Amino acid sequence: MLASFFVLLSLSLIIGSYEQNVNSIVAIGDSFTGAGSGGGVTKSYPIVAGNILRWPAVNYAKGGAVMKDIPGQLVKAASALASATHVVFTIGGNDLGVANSLLQVILANNITGVTQKAKSLKPQLVSTYNRIKAAVRPQTKIYAVAYVDFISVGNKIPNEASCHKIMDILTDTIKEATQEAGIAFIESVKTCFVGHEMFSSEPFVDSLFASTNAAHPNSKGYAKIGELVAAHLLLDQ
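Per an unreviewed UniProt entry, the protein carries the name SGNH hydrolase-type esterase domain-containing protein and comes from Adineta steineri.

Next up, the structure:
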């Protein structure tokens, strides 16, 4: 809590110098960005980041979205994108089927099959990122946000190490795709739940086995991601 306080204090002290700039955030993507059952759009990390930075933020992300849904989201967001300075998003998790893939690893240790599927997403990710680039102004900054590695530690589930490896592979695939497409990647989000993983004493994520919001951040988790994204966007000015 103390560390978070100092991060927020530092941000508030330097935000003033940017307030005369007309910055804004537009978010697209899937439920990891949309928040959904984790508290709804007002609790989502793009809105949290916008509130911290005092920038207008609007979120068009939808639960269940896959890469083929991004063109439609870009159409809906067109008016906001026309003046947006920053675009943030997550996409690809549902194309992999993160929850089902992790269950395959937990129950059958099918790491080979899941790894192949994750790596196969790269060409479509690159194409999706290029679509986003084509829908915004040349000066707009675009950020793919990493999926958090929310997997428990301390051998609380079967094949736990293999589950972490799958999250590493997904992250690496997204990172390689962002590099090829020439957009930014907020990779540090991947590890921002350290000490607050699934089945920890204070989890920032709902369990993979939860009846609702399974494998997604809770309100504390989205607040943490929003804080980190805000710091990243501000430092990237």
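A. Just the pattern of salt bridges, in detail. As enumerated under the stated definition, the model contains six salt bridges in all. The closest approach of N and O atoms between D168 and K190, which form a salt bridge, is 2.7 Å. Of the two residues, D168 sits in helix α10 (residues 160–181) while K190 sits in the loop between β5 (184–186) and α11 (219–235), which places them 22 residues apart along the sequence. Classification of K190 as buried rests on a relative accessible area of 12%. A salt bridge links K224 to E227; the nearest nitrogen and oxygen atoms lie 3.9 Å apart. One end of the pair is K224 and the other is E227, both in helix α11 and three residues apart, which spans about a single turn. Residue classification places K224 among the partly exposed residues on the basis of a relative accessible area of 25%. A residue is classified by how much of its surface remains accessible, and E227, at 9% relative accessible area, is buried. Sharing partners across several salt bridges, the network here consists of K122, E176 and E180.

B. Spotlight on the nonpolar core. Judged by nonpolar contacts, the single largest core of 73 residues is most densely connected at V88, F89, L102, Y129, V189, I225 and V229. Sort the elements by how many residues they give to this core and α10 lands first, with eight residues. Setting aside chain neighbours within four positions, we find Y129 in contact with F89, I91, A144, I174, A177, T178, A181 and I183.

C. Representation of the packing of aromatic side chains. Applying the stated criterion across every chain, the model contains six aromatic pairs. Centre to centre, the rings of F32 and Y45 are 6.5 Å apart; their planes meet at 55 degrees, and the pair counts as tilted. A residue pair is termed long-range when its members are at least 10 positions apart, and F32 in helix α2 (residues 31–34) and Y45 in helix α3 (residues 45–53) qualify at 13 residues. Per residue, the accessibility class of F32 equals that of Y45, and both read buried. With a centroid separation of 5.4 Å and an interplanar angle of 65 degrees, the aromatic rings of F32 and Y147 are classed as edge-to-face. Within this pair, whereas F32 is found in helix α2, its partner Y147 is found in the loop between β4 (141–145) and α10, the two being separated by 115 residues in sequence. Note on accessibility: F32 and Y147 belong to one class, buried. Site record: aromatic cluster; members linked through ring pairs are F32, Y45, Y147 and Y222.

D. Geometry of the sheet that holds β5. The parallel open sheet is built from five strands, whose spatial order is β2-β1-β3-β4-β5. The sheet is open, and its two edges are formed by β2 (57–59) and β5, each paired on a single side. Across this sheet, the average inter-strand angle for adjacent strands is 25 degrees, counted without regard to direction. As defined by bridge partners, strand β1 (residues 25–29) adjoins strand β3 (residues 86–90) across five bridges and the pair is classed as parallel. Within β3, the position partnered with G29 by the bridge is T90.

E. Quick peek at the packing of α3 against α11. Where α3 meets α11, the axes come as close as 7 Å, and the angle between the chain directions of the two elements is 55 degrees. Relative to α11, α3 is oriented oblique. Considering how the two elements wind past one another, α3 and α11 form a crossing that is right-handed. Contact residues: α3 offers Y45, V48, A49, I52 and L53, while α11 offers Y222, A223, I225, G226, E227, V229, A230, L233 and L234. Classifying every residue of the contact of α3 with α11 gives 12 nonpolar, one polar and one charged.

F. Here's a closer look at the layout of surface pockets. Estimated volume of the second largest pocket: approximately 270 Å³. Lining the second largest pocket are 17 residues, with N94, V98, A99, A215 and H216 positioned closest to its centre. Of all the elements, helix α7 (residues 98–108) adds the most residues to the lining of the second largest pocket, at three residues. Looking at side-chain class alone, the lining of the second largest pocket contains nine nonpolar, seven polar and one charged residues.

G. Broad picture of the pairing of β1. Most of β1 is tucked away: five of the five residues are buried. Neither face of β1 is open: one carries I25, A27 and G29, the other V26 and I28, and all of them are buried. Where β1 lies against β2, three bridges are found, and the strand directions are parallel. The residue of β2 that forms the bridge with I25 is A57.

Cut-offs used in this document
Residues numbered from 1 in each chain as written. Predicted model: local features only at pLDDT ≥ 70, side-chain atom pairs only at ≥ 80, totals over all residues. Heavy atoms only, no water. Salt bridge = Lys/Arg side-chain N within 4 Å of Asp/Glu carboxyl O. Helix = DSSP H or I, 4+ residues; strand = E, 2+ residues; numbered from the N terminus. Buried < 20%, exposed > 50% of the residue type's maximum accessible area, 1.4 Å probe, protein only. Core = buried A, V, L, I, M, F, W, Y, C linked by side-chain atoms within 4.5 Å. Contact = heavy atoms within 4.5 Å. Phe/Tyr/Trp six-rings, centres within 6.5 Å; stacked < 30°, edge-to-face > 60°. Pairing = 2+ DSSP bridges. Axes fitted to C-alpha atoms, helices over the stretch in contact; angles between N-to-C directions. Parallel < 35°, antiparallel > 145°, perpendicular 65-115°, else oblique. Left-handed = near helix turned anticlockwise from the far one by under 90°. Nonpolar A, V, L, I, M, F, W, Y, C, P; charged D, E, K, R; others polar. 1 Å grid on protein atoms, 1.4 Å probe; cavity = no way out; pocket = protein on both sides within 12 Å on 5 of 7 lines; lining within 4 Å. Points joined across faces, edges and corners; volume = space filled by probe spheres on them.

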